[in-house]
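Okay, here's what each chain looks like letter by letter:
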Amino acid sequence: MDLFYEIQGDGSPIVMIHSPGVDSREWKYVAPILALSNKVITFDGRGTGRSPAPQEPTSLVNDLRKLLEHVGIDRATLVGHSMGGQAATDFTLSHPSMVERLVLIAPSLTGFPFSKEFTDWMTSVNAAAPDIAKLVELSLSGPNYRLTMAGLHRDFLREMAELYMTRVFTEWRSFELRWPEPPAMERLEEIAVKTLFVHGTIEWPDIFKIAEQFKRVPSIRFIEIEGADHMLTLTHAVELAEHIRKFVQGELDYASNPGRK
């Protein structure tokens with residue numbers, strides 16, 4: 001297995017796991033801020049950015065474990081966005097001794113029953129295959145990208161999405177993702193590390209339902225960023241990085257932002 005990765009800064013390690021459909025460049029504004037006080041590791045998942053395409057079924061959890069072992073990190077804070085958050089959650093449940101803290105940004109969740117509204121929309125997007133241009137246009141027309149696609153980061157997001165879709169249809173030989181069992185949704189009470197859940201207000205309703213599930217985590221805080229959509233890593237990078245920095249340094253541990261009662 002070969003994965004492209006970058007390391008910035010020094011200090012307590014933070015490993016950042018990007019969303020599907022893009023690559024590690026989504027952290028290009030957030031990572032340098034965090035690297036002022038921490039060692040920050042970003043990487044391209046299989047078949048994205050500069051990493052080789054998957055040729056066989058993939059386990060994001062195993063890939064992350066092997067990456068940490070390769071760079072010599074025994075324990076780190078994980079920051080995961082979207083499906084990257086799903087991978088971070090499953091990794092925390094599978095390898096709890098390797099996780100210092102957990103930051104989830106609008107994550108998906110293994111075992112969560114997504115709404116018919118969302119699954120119907122995904123079906124309509126996938127029906128455009130293999131027309132890459134149409135796939136990109138449809139996928140980025142979702143309501144959870146409304147702010148980003150109307151702003152300064154539109155072309156950059158489209159560039160990442162076009163690269164991703166092109167590689168999927170020209171290089172990928174396997175599309176199967178394997179997740180640990182039982183699914184994380186059945187085990188959220190087992191997450192022992194301090195957890196931060198961040199999301200915007202412009203999202204699919206499913207994200208808010210997933211947030212409700214995460215209230216079962218014993219030590220969790222929730223931050224909602226007003227006016228942000230799913231790509232808050234781009235549009236609200238400074239604000240997001242500051243929340244993560246404070247959380248990693250323990251400044252939010254006693255803040256008045258209750259999670260689980």
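Within any chain, residue numbers begin from 1 and follow the written order of that chain's sequence. Reporting of local features is limited, given that this is a predicted model, to residues whose pLDDT is at least 70; pairs of side-chain atoms are given and counted only at 80 or more, and all residues count toward the totals for whole chains, interfaces and linings. Hydrogens and water molecules were not included; the side-chain quantities draw on all heavy atoms of the structure.

(A) Geometry of the environment of Asp23. Inspection of the secondary structure assignment puts Asp23 in the loop between β2 (13-17) and α1 (30-34). For Asp23 and Arg50, which are 27 residues apart along the polypeptide, the C-alpha to C-alpha distance reads 8.5 Å. Residues contacting Asp23, with those up to four places away along its chain left out, are His18, Asp44, Thr48, Gly49, Met160 and Leu163. A polar contact of 2.9 Å, which involves the side chain of Asp23, links it to the side chain of Arg25. Helix and strand assignments come from DSSP, with helices taken as H or I runs of at least 4 residues and strands as E runs of at least 2, each series counted from the N terminus. Residue contacts are defined here by distance: any two heavy atoms, one from each residue, within 4.5 Å place the two residues in contact. In protein, a polar contact means a hydrogen-donor-capable atom and an acceptor-capable atom, both N or O and within 3.5 Å, with residues adjacent in sequence counting only if both atoms are side-chain atoms; elsewhere, any N or O pair within 3.5 Å suffices.

(B) Main features of the sheet that holds strand β1 (residues 5-8). In spatial order, the strands read β1-β3-β2-β4-β5-β6-β7; together these 7 strands make up an open sheet with mixed pairing. With one partner strand each, in any of the chains shown, β1 and β7 (220-225) form the two edges of the open sheet. Ignoring which end each strand starts from, the neighbouring axes of this sheet average 15° apart. Where strand β6 (residues 195-200) lies against β7, 6 bridges are found, and the strand directions are parallel. Its bridge partner lying in β7, Leu196 is registered against Arg221. DSSP bridges decide pairing: two strands pair if at least two such bridges lie between them. Between N-to-C directions, angles span 0 to 180 degrees; the directions come from axes that are lines fitted to C-alpha atoms, helices contributing only their stretch in contact.

(C) Highlighting the side chain of Thr89. Mapped onto the fold, Thr89 is located in helix α3 (residues 83-94). A polar contact is formed between the side chain of Thr89 and the backbone oxygen of Gly85, at a distance of 2.9 Å. Beyond its immediate chain neighbours, meaning those up to four positions away, Thr89 contacts Leu102, Leu104, Ala184, Leu188, Ile191 and Phe214.

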